[in-house]
Amino acid sequence: MAQITMAKALTNGLRAAMEADPTVLIMGEDVGKLGGVFRVTDGLQKDFGEERVIDTPLAESGILGTAVGLAMRGYRPVCEIQFDGFVYPAYDQIVSQVAKLHFRSQGKLPMPIVVRIPFGGGIGAVEHHSESPEAQFAHTAGLKVVAVANPVDAYWMIQQAVASDDPVVFFEPKRRYWEKAELDESVEPVPLHSSRVVREGNDVTVLTYGPMVKTALEAAIAASEEGRSLEVIDLRTLSPLDMGPVAASVRKTGHVVVVHEAVVNLGMGAEIAARISESCFYSLEAPVLRVGGFDTPYPPSRVEEEYLPDLDRVLDAVDRSLAF
Amino acid sequence: MAQITMAKALTNGLRAAMEADPTVLIMGEDVGKLGGVFRVTDGLQKDFGEERVIDTPLAESGILGTAVGLAMRGYRPVCEIQFDGFVYPAYDQIVSQVAKLHFRSQGKLPMPIVVRIPFGGGIGAVEHHSESPEAQFAHTAGLKVVAVANPVDAYWMIQQAVASDDPVVFFEPKRRYWEKAELDESVEPVPLHSSRVVREGNDVTVLTYGPMVKTALEAAIAASEEGRSLEVIDLRTLSPLDMGPVAASVRKTGHVVVVHEAVVNLGMGAEIAARISESCFYSLEAPVLRVGGFDTPYPPSRVEEEYLPDLDRVLDAVDRSLAF
Amino acid sequence: MSDPELGDVFGPSGDGDDPELVQLLTPEGERREHPDYAADLDDEAIAGLYRDLVLTRRIDTEATALQRQGELGIWASLLGQEAAQIGSGRAMLPQDFAFPTYREHGVAWCRGVDPLYLLGLFRGVDQGGWDPRETGFGLYTIVIGAQTLHATGYAMGLQRDGVVGSGDESRDAGVIAYFGDGATSQGDVNEAFIWASVFNAPVVFFCQNNQWAISEPIERQTRIPLYQRALGFGFPGVRVDGNDVLACYAVTQAALRRAREGSGPTFVEAYTYRMGAHTTSDDPTRYRLNDELDRWKAKDPIARVKAYLHTTTAADDQFFEGVEQEADELATHVREGCLGMPDPHVLDIFDQVYAEQTPELAEQKEQYAAYLSSFEGAH
Amino acid sequence: MSDPELGDVFGPSGDGDDPELVQLLTPEGERREHPDYAADLDDEAIAGLYRDLVLTRRIDTEATALQRQGELGIWASLLGQEAAQIGSGRAMLPQDFAFPTYREHGVAWCRGVDPLYLLGLFRGVDQGGWDPRETGFGLYTIVIGAQTLHATGYAMGLQRDGVVGSGDESRDAGVIAYFGDGATSQGDVNEAFIWASVFNAPVVFFCQNNQWAISEPIERQTRIPLYQRALGFGFPGVRVDGNDVLACYAVTQAALRRAREGSGPTFVEAYTYRMGAHTTSDDPTRYRLNDELDRWKAKDPIARVKAYLHTTTAADDQFFEGVEQEADELATHVREGCLGMPDPHVLDIFDQVYAEQTPELAEQKEQYAAYLSSFEGAH
Ligand SMILES: Cc1ncc(C[n+]2csc(CCOP(=O)(O)OP(=O)(O)O)c2C)c(N)n1
Ligand SMILES: Cc1ncc(C[n+]2csc(CCOP(=O)(O)OP(=O)(O)O)c2C)c(N)n1
Ligand SMILES: [Mg+2]
Ligand SMILES: [Mg+2]
């Protein structure tokens, strides 16, 4: 079977979604001829035309605001935000309109909109190109939020997100766009809103998503060389959270480390820690430890390697948890 | 001593700040002749002129964006956002510019901007007028975030916020604007970024801020009639959090309930719960319980009383904590 | 580069005899000719518009009274703006779609939305109970300007559906985006202009310039007449007497035709006046003078139609009495409907968030239901 | 309402002989007269501009090369836009203030910002190390359009400081907001127009229309010439040949004078071309054709000044050689400075977040320092 990159898997997933449903549209800056700055929409305008793959004016609020109108008319817009840091001009339309219209209309106006956001750091970029704003969307009722970690999930989850009648904020870890995996299309995908154990272990549960899944897996390998067995869970869906596999794991290990690139303060780790202590209070042998960004803006790229959680910082937290 | 409402205390605080420093400006929609829809800036344009109290065009991004430029020129803009739900059009300027310019410039461009946001529900309003977006700002490094709960704090904290060289997002609980208290200006205020025990107790620690402080105090009174002693802490500052008094209380009680109007999922309670279990793991006799908004948009006002945390829901959580 | 003379560009005062202002019916009820616009309405149709105006105003009066009596949380009165709304609303075809603000009660009326739905929103029972798809009337939008982008997107959807410029008049459709003078300052509204222009979208931007954005006069939003904003975006702008229902009808009809034909967007500035407070929570005596109000009273949108109809055979005393009676009946409907409106149930909100319910939320609902029922024993 | 003929409004092709385009120096190096604009520059001053142009281009070339060699994360080339930037930058007085995007390397040069600071940003060492207050040159702003509001606010600050229209030419100041053609679609930029217009703020909106926003041609942002956008907001707009340094200088100077005098904002559209890729990460062969590039090559902003200077006595071979030599030295400075640039220390970022450090962050720094030093033993 051929190896496929995450970027290409997303392209193929989008193509499949567009073939399956003529109401699916793609819109954003440079998504047409250029195929997006990460080439995720490469070739789609050529094949589906300018009416379905729309190079928009340079204005994110406009992208989401017109997407709302298109959705009201029965379309399924897939909006590309060029980089994480540029979603904020569209924030109002996302939280006050996209997230609320189903509720406002008591279900008469579903909002089947996907907001694709390449996110996270590690690519040596300038300011605003390495942000991790997922917690803000997860905090917004009415949105569903997912993050993909590998090409196979990317292929299926983008199709599931497009098929969803609810708005989905879809985070793509840009530093992992060029990682490859084998994609067997005949294997049935798991549901969109489910988390998954990606490596079994007994000593410590490592919870993560998006770009940090790879880091966590590497940490697990390194730990196993020291005789420590880490269970790694890829959360996949950030809202709603799928805590079933998490709770099962925590009951087994009693130790939890949550890892993400986003600032720790009020990041996903906060919610996960709070929920675990609510649901697994007596199983916990140590507090849930959080590894993530410091409470600073994302720093200049020459220090991002030290800013971002890495294998060592994950292992350090594992040590601290076990030593608690 | 005269009783003063929170709205009036804010007016007086702003007036004092404007008298103390000619670079202090007020800007926003309807802040001039009208004195703001809540009359917090009442009379200030008359006394300080249109150059210092600026009725702006109707555009929140414009308000914050021009405030950035004014701050660069040495002014201290106090921006009024008319209602919580209308801060989102300014979100980009707040999180990508106001919050980041000190960092971007390595301290050369301080951003002494105050963003006043009347927030929260309970006033029978239509959509977008009852939101509690504080967690999103607390998650943003570079901002400081506070919430006031009573007229005395309002009077001092607004002056401290204006005097701060850092940007402060200043949340005012609109349902408490007309609550009164005695203001003795000769009593020295506590620092801006400090939390405070507002009622001592031994059985359960109730952590809250803004509009829910009053609710928590009422719950404490009701609980005391049943022989339960609640310690109520007004957090006052949401970023940075002042966890000192919190930890001391938790070590004493072993039981914690966090209360806020905002959606529980990724609300302030999540961070507080995570931190408490990090710092007081062995003191906790029950998980930190959270009382707040459900994971829905703010509902139509005819059900808001049932949606909002109230005395009964706080007591219910207290019971659950003690029964754990 | 010559300095701009502000006097040159600021334009008309809005008086009826200003050439820039399209007017077909004077405040005195006399009909006027305009080189570009004519209302294709016979006197009977004008009598129909009169009825719309009166009934709309009655809904408004009744709702204001209900708010005063504590039955509504708030009410945004359209007093003075009836002609702008009825004129534009009646220019719509069934297949057209309107995106309102929170004040378009007259347009709602034209779209067949039961006024009780409007009251439900302001009472706090729901956030707009009507069906936007059935009525071609979107939900009220409170975040200023947001709906102008929705309108533009919807118009782009019409283009993709092949119902713009197809030549089939029974299918071709257009969109109206309503917004106020204050809204023209929002980024979203200007982005909507750009989108509509670039994609040549079939949308009419219908701005009711009622001279005020709460307490802020129009000078806080622009230093030139608003309809000229369109010049900067490459599509036509026109200022119409917003208190003249015939002119509003004719101008909107022409703009909608253009839209449906595939000739792109138009900006219509309906020059009118907010006769009442911004909402029932507002106190306009703090910021504006009575003589302004008096000047506008003389331009009342209903009085002039009545004056005109008196000169025709289309409306006799019986007609006017009939309309009054209908208005009374409507007021009763509104009042009784409002008082009898059932409160929503808090547990229902959990089901309205998503098309596909989440396990989290289902659980929250269940827990909250259990909590609520724990009180039942106590009573 | 007559249908707009798009042909009528779309305006000039941008060719030099179009009357709408202000041009003072043709691509062939011939000087032209313009009824409204003249550059108050003698040949020596023009030779100075030539030097600026050449040195700016050299900084750009060197930075591009350094990026290719892995020394910079990315670089945004200004190739082709030197005249727009040098012309406008040199029209500024010391007390003026510029708000750049990420591409204004030529303006930075005029403001005395060491190019190494620009490289530092693109290398990822910091986010702009220069002092905006000392240089009157704001930090690079990457979020499209955001800086236009900052510029407007700063200009409002100038008004409040009494340094607008005071009549004292040594004190009166103005602001330039730089932005691209793509940026004109952002809500923020249009809000800046509204603010500047309503408050009559002393700001020049200087739009470098380089025909592209990454892969999107100008038609995706507007259907009329961009300078006409200003018409919709009530202030003058002017289109200048952006490859003509004299015209850019003269037009900007006039606009800045107007601003400083208190006559309000001006929109300047510098009609130019992005000769290179959007940034070093971009591949323009995917979306544009070579013959467009070739047509613009013939309008090179430097060649025409050189051609002109050859017809004067202000510049001889020695002058041109001197400039080349200076350029070589500058290139060395840039290269060596870049290679020798120290990396930042991660612990420093904790101190740069707030003016008043928080206990939380101080603690995080301490813990992280301890963590980092725990590795030191290991090595
Ligand atoms: C984004 C946003 N900011 C502020 C408000 C508060 N607000 C409600 S109505 C209004 C004035 C609107 O004026 P205009 O657009 O002229 O409409 P009008 O009310 O006169 O019909 C304001 C500021 C809002 N609803 N949305
Ligand atoms: C808000 C925002 N959205 C998207 C981007 C990504 N982006 C960077 S440059 C650019 C194109 C800008 O075009 P233009 O304004 O014409 O300036 P130019 O690069 O041509 O100088 C885009 C889309 C951004 N920086 N900010
Ligand atoms: Mg208005
Ligand atoms: Mg460009």
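This one's a predicted model, so the numbers in the text were calculated from it and none came from an experiment.

Parameters at a glance
Residues numbered from 1 in each chain as written. Chains lettered and ligands numbered in written order. Predicted model: local features only at pLDDT ≥ 70, side-chain atom pairs only at ≥ 80, totals over all residues. Heavy atoms only, no water. Helix = DSSP H or I, 4+ residues; strand = E, 2+ residues; numbered from the N terminus. Rg over C-alpha atoms; globule rule 2.2 N^0.38 Å. Buried < 20%, exposed > 50% of the residue type's maximum accessible area, 1.4 Å probe, protein only. Contact = heavy atoms within 4.5 Å. Lys, Arg positive; Asp, Glu negative; His and termini not counted. Charge placed at Lys NZ, Arg CZ, Asp CG, Glu CD. Least-squares fit on C-alpha atoms with pLDDT ≥ 70 in both. Axes fitted to C-alpha atoms, helices over the stretch in contact; angles between N-to-C directions. Parallel < 35°, antiparallel > 145°, perpendicular 65-115°, else oblique. Left-handed = near helix turned anticlockwise from the far one by under 90°. Nonpolar A, V, L, I, M, F, W, Y, C, P; charged D, E, K, R; others polar. Polar contact = N/O pair within 3.5 Å; in protein donor to acceptor, adjacent residues only side chain to side chain. Near = heavy atom within 4 Å. Donors = N, O, S within 2.8 Å, 3.2 Å for Na, K, Ca; no water. Phe/Tyr/Trp six-rings, centres within 6.5 Å; stacked < 30°, edge-to-face > 60°. Lys NZ or Arg CZ within 6 Å of the ring centre and 35° of its normal. Areas by Shrake-Rupley, 256 points an atom, 1.4 Å probe, with all protein chains shown as cover. Domains from an automatic or database assignment. Buried area = accessible area lost by both parts, 1.4 Å probe. Salt bridge = Lys/Arg side-chain N within 4 Å of Asp/Glu carboxyl O. Pairing = 2+ DSSP bridges. Right-handed = clockwise from strand over helix to strand, strands pointing away.

1. So, the overall build of chain C
For chain C, the count of helices and strands is 13 helices and eight strands. At 22 Å, chain C has a C-alpha radius of gyration in line with the 21 Å of a compact globule built from 379 residues. Overall, the C-alpha framework of chain C stretches about 75 × 50 × 45 Å when taken along its three principal axes. Across the 379 residues of chain C, 64% fall into the buried class. The long-range fraction of contacts in chain C, counting pairs at least 24 apart against all pairs at least 6 apart in sequence, stands at 74%. Computing the positive centroid from 30 side-chain charges and the negative centroid from 61, chain C places the two 3 Å apart.

2. Overview of the relation of the copies chain A and chain B
Note on the chain copies: they are related by a rotation about an axis and a translation along it. For the pair chain A and chain B, the relating rotation is 180 degrees, the translation along its axis is 0.0 Å, and the fit reaches an RMSD of 0.0 Å. Viewed as a symmetry operation, the transformation between the two copies matches a two-fold axis. Here 100% of the contact residues of chain A are again contact residues in chain B; the copies associate through an equivalent surface.

3. Observations regarding the packing of helix α2 (residues 43–68) of chain C against helix α3 (residues 82–90) of chain C
Residues and elements named next belong to chain C. Taken N-terminus to C-terminus, the directions of α2 and α3 make an angle of 130 degrees; their axes are 10 Å apart at the nearest point. When the interaxial angle is binned, α2 and α3 end up oblique. Of the two elements, α2 crosses α3, and the hand of that crossing is right-handed. For the pair α2 and α3, the contacting residues are Leu49, Asp52, Leu53, Thr56 and Arg57 in the first and Glu82, Ala83, Ile86 and Arg90 in the second. Split into classes, the residues belonging to the contact of α2 with α3 amount to four nonpolar, one polar and four charged.

4. Examining the environment of Arg275 of chain A
All names here are of chain A. You can see Arg275 is positioned in helix α10 (residues 268–279). Residues Arg275 and Ala17 lie 258 residues apart in sequence; the distance between their C-alpha atoms is 35 Å. A polar side-chain atom of Arg275 sits 2.7 Å from a polar atom in the side chain of Glu271.

5. Things to note about the site of ligand 2
For ligand 2, the set of nearby residues contains 20 residues, the closest of which are Glu60 of chain A together with Tyr102, Arg103, Ile142 and Gly182 of chain D. Ligand 2 sits at a junction of chains, with neighbouring residues supplied by chains A and D. In the environment of ligand 2, a nitrogen atom lies 2.7 Å from a nitrogen or oxygen atom belonging to the backbone of Ile142 of chain D. A distance of 2.9 Å separates an oxygen atom of ligand 2 from a polar side-chain atom of Asn210 of chain D.

6. What to know about the coordination of the magnesium ion (ligand 3)
Residue and element names in this part refer to chain C. Binding of the magnesium ion (ligand 3) to the protein goes through Asp181 (OD), Asn210 (OD1) and Trp212 (O), at separations of 2.1 Å. Between the donor residues of the magnesium ion (ligand 3), the gaps in sequence give the motif D-x28-N-x1-W. Here the residue Asp181 occupies a position in the loop between β3 (175–180) and α8 (187–199), and Asn210 occupies one in the loop between β4 (203–209) and β5 (212–213), the gap between them amounting to 29 residues.

7. Description of the coordination of the magnesium ion (ligand 4)
Surrounding the magnesium ion (ligand 4) are the protein donor atoms Asp181 of chain D (OD), Asn210 of chain D (OD1) and Trp212 of chain D (O), at 2.1 Å. Counting along the primary sequence, the residues that act as donors to the magnesium ion (ligand 4) give the motif D-x28-N-x1-W.

8. Quick word on the packing of aromatic side chains
Aromatic rings in a pair are described by how distant their centres are and how their planes are angled relative to each other. Taken as a whole and assessed by the stated rule, the structure comprises 88 aromatic pairs over all chains. Their ring planes at 70 degrees and their centres at 5.9 Å tell us that Phe294 of chain B and Tyr307 of chain B sit as a pair that is edge-to-face. Linking Phe294 of chain B in the loop between β14 (289–293) and α11 (304–307) with Tyr307 of chain B in helix α11, this pair joins segments that are 13 residues apart in sequence. When sorted by exposure, Phe294 of chain B lands in the same class as Tyr307 of chain B, which is buried. Counting every residue linked through ring pairs, the aromatic cluster contains Phe179, Phe193, Phe205, Phe233, Phe235 and Phe267 of chain C together with Phe179, Phe193, Phe205, Phe233, Phe235 and Phe267 of chain D. The ring of Tyr354 of chain C has Lys144 of chain A sitting right over it, with the charged end atom 4.7 Å from the ring centre. The ring of Phe320 of chain C has Lys306 of chain C sitting right over it, with the charged end atom 5.2 Å from the ring centre.

9. A closer look at unusual backbone geometry
With an omega of 0 degrees, the peptide bond between Ser239 of chain A and Pro240 of chain A qualifies as cis. Mapping Pro240 of chain A onto the fold places it in the loop between β12 (237–239) and α9 (244–253). If you check the backbone angles, Ile214 of chain D has positive phi at about 50 degrees while not being a glycine. Looking at the secondary structure, you find Ile214 of chain D in the loop between β5 (212–213) and β6 (216–217).

10. Some details on the site of ligand 1
Taken together, 20 residues form the shell around ligand 1, and within it Glu60 of chain B together with Tyr102, Arg103, Ile142 and Gly182 of chain C come nearest. In this structure ligand 1 sits where residues from chains B and C come together. The contact in question runs from a nitrogen atom of ligand 1 to an N or O atom on the backbone of Ile142 of chain C, over 2.8 Å. The contact in question runs from an oxygen atom of ligand 1 to an N or O atom on the backbone of Gly182 of chain C, over 2.8 Å. The fraction of the free accessible surface of ligand 1 (580 Å²) that becomes covered by protein chains is 95%. Partitioning the shell around ligand 1 into residue classes produces ten nonpolar, six polar and four charged.

11. As for the domain arrangement of chain A
Residue and element names in this part refer to chain A. Domain parsing of chain A yields domain 1 (3–182) and domain 2 (196–323). Counting residues at the interface gives 27 residues for domain 1, matched by 23 residues for domain 2. Of all residues in domain 1, Glu134, Arg175 and Arg176 bury the most surface against domain 2, accounting for 22% of the area lost on that side. For Glu179, the salt bridge is made with Lys214, and the minimal N-O distance between the two is 3.3 Å. Taken together, the connections running from domain 1 to domain 2 amount to 14 residue pairs in polar contact (both at pLDDT 80 or more). Taken together, the elements giving at least two residues each to the side of domain 1 that touches domain 2 come down to α6 (134–138), β6 (144–147) and α7 (151–163). Residue contributions to the side of domain 1 that touches domain 2 peak at four residues, all from β6. For the side of domain 1 that touches domain 2, the class distribution of residues is 13 nonpolar, seven polar and seven charged.

12. So, the domain arrangement of chain C
The assigned domain composition of chain C is domain 1 (6–339) and domain 2 (345–379). Centre-to-centre, using C-alpha coordinates, domain 1 of chain C lies 40 Å away from domain 2 of chain C.

13. A short note on the pairing of β4 of chain C
Residue and element names in this part refer to chain C. In terms of burial, β4 is largely enclosed, as seven of its seven residues are buried. Here β4 shows two buried faces, one formed by Val203, Phe205, Cys207 and Asn209 and the other by Val204, Phe206 and Gln208. The pairing of β3 with β4 spans six bridges and is classified as parallel. The residue bridging Ala177 from the neighbouring strand is Phe205, located in β4. Remark: the β3/α8/β4 crossover connection has right-handed handedness. Note that β4 and strand β8 (residues 266–271) share six bridges and pair parallel. Opposite Asn209, over in β8, you have Tyr271 as the bridge partner.

14. As for the pattern of salt bridges
Residue and element names in this part refer to chain A. Applying the stated criterion to the full structure yields 83 salt bridges over all chains. Taking the shortest distance from any N to any O, the salt bridge between Asp153 and Arg196 comes out at 2.9 Å. Taken together, the residues Asp153 in helix α7 and Arg196 in strand β9 (residues 196–199) connect sequence positions 43 residues apart. Using a relative accessible area of 4% as the deciding quantity, one classes Asp153 as buried.

15. Structural notes on the pairing of strand β8 (residues 266–271) of chain D
Residues and elements named next belong to chain D. The element β8 is extensively covered by neighbouring structure, given that six of its six residues are classed as buried. With burial as the criterion, each face of β8 is covered, one bearing Thr266, Val268 and Ala270 and the other bearing Phe267, Glu269 and Tyr271. The pairing of strand β7 (residues 237–241) with β8 spans five bridges and is classified as parallel. Of the residues in β8, the one forming a bridge with Val240 is Ala270. The handedness of the β7 to β8 crossover, carried by helix α9 (residues 245–261), is right-handed.

16. Considerations on the interface of chain A and chain B
At the interface, 48 residues of chain A touch 48 residues of chain B. Here chain A meets chain B over a buried area of about 4300 Å², counting both sides, of which 60% is carbon and sulfur. Counting across the chain A and chain B interface gives eight salt bridges. A salt bridge links Glu127 of chain A to Arg104 of chain B; its shortest N-O distance comes to 2.7 Å. Remark: the boundary between chain A and chain B carries 22 residue pairs in polar contact (both at pLDDT 80 or more). Contributions of two or more residues to the side of chain A that touches chain B are made by α4 (91–98), α5 (101–104), α6 and α10 of chain A. Among the elements that take part in the side of chain A that touches chain B, α10 of chain A stands out by supplying eight residues, more than any other.

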